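As a plain string of letters, each chain reads:
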Amino acid sequence: MPVLTPPDWVEPRPYQQRAVRAWFEADGRGIFRMATGTGKTVTALQAASQVATNAEHGFLLVVAVPYQHLVDQWADDIRDFGGEPVYAYSSRQQWQPRLERELLELNQGARDTSIVVTTHQTLATEATQQTLERASVPMMLIGDEVHHLGAPHRQKGLLSHAQFRLGLSATPERWYDEAGTEALTECFGDAVFDYGLQEAIEVDALCEYYYIPHIVELQDGEMEEY
């Protein structure tokens, strides 16, 4: 089975198909503004699967997430699609040798696909940037919870040289940070697909999860600072 092939149990929902189609119509750039629980990860991997299938001389997929536990979650989903990703976070000695080897194999045509799952923080480092720049094959960047990548200290993780760029977020705009939002738009483009919570509820498209609010009262000094 080719790398990044949807498993048999994945049957794309109509709205996911529309999202992927809209992204390709925007030349492989854009943001999916999709409510939590509507399957942003699987939808993004369906898009990446089509890019990998059409790649003639190798393909590099870079998935960037804000937190380490999301690296593990994405890796599990990628394995369902037949991939075995490089975990690029924490100590570089633990992952950089493997990544460099896979990039060399990609460039030489000895490997069809390489997949890296990293954190926003690691992706923004100069060492990671220099390593990824060695790839001479088409690259796709998936920015999960993409609004985090608009922070000033993480904007170096916006891989503007990646031919394909897909951002994921229920709330892609950064509050009180027009410059950060503009940086995201310049890299990923505009939202090419919107799928809100109300629409998802109406068509029973949400995965099951519990939403439990915790009310926290601020003290006077905290309220003034806020």
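Draft legend 1. Spatial organisation of the overall build of the protein chain. Counting its secondary structure elements, the protein chain contains 9 helices and 7 strands. Taken against the 2.2 N^0.38 rule, which gives 17 Å for 226 residues, the C-alpha radius of gyration of the protein chain at 18 Å falls within 12% of a compact globule. Seen through its C-alpha atoms, the protein chain measures out along the principal axes to roughly 60 × 40 × 30 Å. Expressed as a percentage of its 226 residues, the buried residues of the protein chain come to 46%. A separation threshold of at least 6 residues defines the contact pool for the protein chain, and within that pool the share at least 24 residues apart is 76%. For the protein chain, the computed accessible surface area is about 12,600 Å², with 48% contributed by carbon and sulfur atoms. Measuring between centres, the 16 positive side-chain charges of the protein chain sit 7 Å from its 34 negative side-chain charges.

Draft legend 2. Representation of the sheet that holds strand 2 (residues 59-65) in the model. Read from one edge of the open sheet, 7 strands run 3-4-2-5-6-1-7, paired in parallel fashion. Both edges of this open sheet fall to strand 3 (86-88) and strand 7 (191-195), since each of them pairs with a single strand only. In this sheet, neighbouring strand axes are inclined to one another by 15° on average, regardless of whether the strands run parallel or antiparallel. In the packing of helix 3 (residues 68-80) onto the sheet, the strands contacted are strand 2, strand 3, strand 4 (113-119), strand 5 (139-144) and strand 6 (164-169), and the crossing angle to strand 4 comes to about 155°.

Draft legend 3. View of the packing of helix 2 (residues 40-54) against helix 3. Relative orientation of the contacting elements helix 2 and helix 3 amounts to 50°, with a least axis distance of 11 Å. Relative to helix 3, the element helix 2 is oriented oblique. For the pair helix 2 and helix 3, the sense of crossing is right-handed. On the side of helix 2, the interface is formed by Thr41, Ala44 and Leu45, while helix 3 contributes Trp74, Asp77 and Ile78. Here the residues of the contact of helix 2 with helix 3 are counted per class, giving 4 nonpolar, 1 polar and 1 charged.

Draft legend 4. How the structure looks around unusual backbone geometry. The phi dihedral of Asp27 is positive, around 65°, even though this residue is not glycine. Mapped onto the elements of the fold, Asp27 is located in the loop between helix 1 (14-25) and strand 1 (29-34). If you check the backbone angles, Tyr176 has positive phi at about 55° while not being a glycine. Summarising the element assignment, Tyr176 is placed in the loop between strand 6 and helix 7 (178-188). The class of Tyr176 is exposed, set by a relative accessible area of 82%.

Draft legend 5. Structural detail: the pattern of salt bridges. For the structure shown, the criterion picks out 9 salt bridges. Put simply, Arg33 and Glu173 hold a salt bridge, and the shortest N to O gap is 2.3 Å. Of this pair, Arg33 sits in strand 1 while Glu173 is found in the loop between strand 6 and helix 7, placing the two residues 140 residues apart along the sequence. Under the relative-accessibility criterion, Glu173 is labelled partly exposed at 38%. Between Arg98 and Glu102 there is a salt bridge, and its shortest N-O distance comes to 2.9 Å. With Arg98 and Glu102 both in helix 4 (residues 96-108), this residue pair falls 4 residues apart, about one helical turn. By relative accessible area, Arg98 is classed as partly exposed at 25%.

Draft legend 6. Highlighting the side chain of His120. Considering the arrangement of structural elements, one finds His120 in helix 5 (residues 120-123). Separated by 3.2 Å, the side chain of His120 and the backbone oxygen of Ala64 make a polar contact. Dropping the residues within four chain positions of it, His120 is found in contact with Ala64, Val65, Pro66, Asp144, Glu145, His148, Leu149 and Arg154.

Draft legend 7. Spotlight on the packing of aromatic side chains. Under the defined criterion, the tally for this structure stands at 6 aromatic pairs. Between Phe32 and Phe193, the ring centres sit 6.3 Å apart and the planes meet at 75°, which makes this aromatic pair edge-to-face. In this pair, Phe32 sits in strand 1 while Phe193 sits in strand 7, placing the two residues 161 residues apart along the sequence. Their ring planes at 10° and their centres at 6.0 Å tell us that Phe193 and Tyr195 sit as a pair that is stacked. Look at Phe193 and you get buried, because its relative accessible area is 8%.

What counts, and where the lines are drawn
Throughout this description, residue numbers start from 1 for each chain and increase along the sequence as written. Per-residue local features are limited, in this predicted model, to residues with pLDDT of at least 70; the limit for side-chain atom pairs, both in listing and counting, is 80 or more; totals at the level of whole chains, interfaces and linings are taken over all residues. Side-chain measures were taken over the full set of non-hydrogen atoms in the model, leaving aside hydrogen atoms and water. We count a stretch as a helix when DSSP gives it H or I for four or more residues in a row; a strand needs E for two or more, and each element gets its number in order from the N terminus. For this measure, only C-alpha atoms enter the radius of gyration; the expected value for a globule follows 2.2 Å times N^0.38, where N is the number of residues. Only protein chains enter the accessibility calculation, which uses a 1.4 Å probe. A residue is then buried if its area is under 20% of the maximum for its type, exposed if over 50%, and partly exposed in between. Contacts were defined at the residue level, with two residues in contact if any of their heavy atoms lie within 4.5 Å. The protein chains shown are the only cover counted for residues, whose accessible areas, like all others here, come from Shrake-Rupley with a 1.4 Å probe. Note that His is not counted, nor are the chain ends; the positive residues are Lys and Arg, and the negative ones are Asp and Glu. Just so you know, the charge point we use is NZ for Lys, CZ for Arg, CG for Asp and CD for Glu. Pairing between two strands is assigned when DSSP locates at least 2 bridges connecting them. All axes are obtained by fitting lines to C-alpha atoms, using only the stretch in contact for helices, and the reported angles, taken between N-to-C directions, cover 0 to 180 degrees. Should an angle lie under 35 degrees it is considered roughly parallel, over 145 roughly antiparallel, and from 65 to 115 roughly perpendicular; all remaining angles are considered oblique. In a left-handed crossing the near helix is turned counterclockwise from the far helix by less than a right angle, and in a right-handed crossing that turn is clockwise. All amino acids are sorted into three groups, where Ala, Val, Leu, Ile, Met, Phe, Trp, Tyr, Cys and Pro are nonpolar, Asp, Glu, Lys and Arg are charged, and the leftover types, Gly among them, are polar. Each reported salt bridge corresponds to a side-chain nitrogen of Lys or Arg within 4 Å of a carboxyl oxygen of Asp or Glu. Nitrogen and oxygen atoms within 3.5 Å of one another constitute a polar contact, given that in protein one can donate a hydrogen and the other can accept it, and given that sequence-neighbouring residues count only through two side-chain atoms. By convention, a stacked pair of Phe, Tyr or Trp rings (six-membered ring in the case of Trp) has centres within 6.5 Å and planes under 30 degrees apart, an edge-to-face pair has planes over 60 apart, and any other such pair is tilted.

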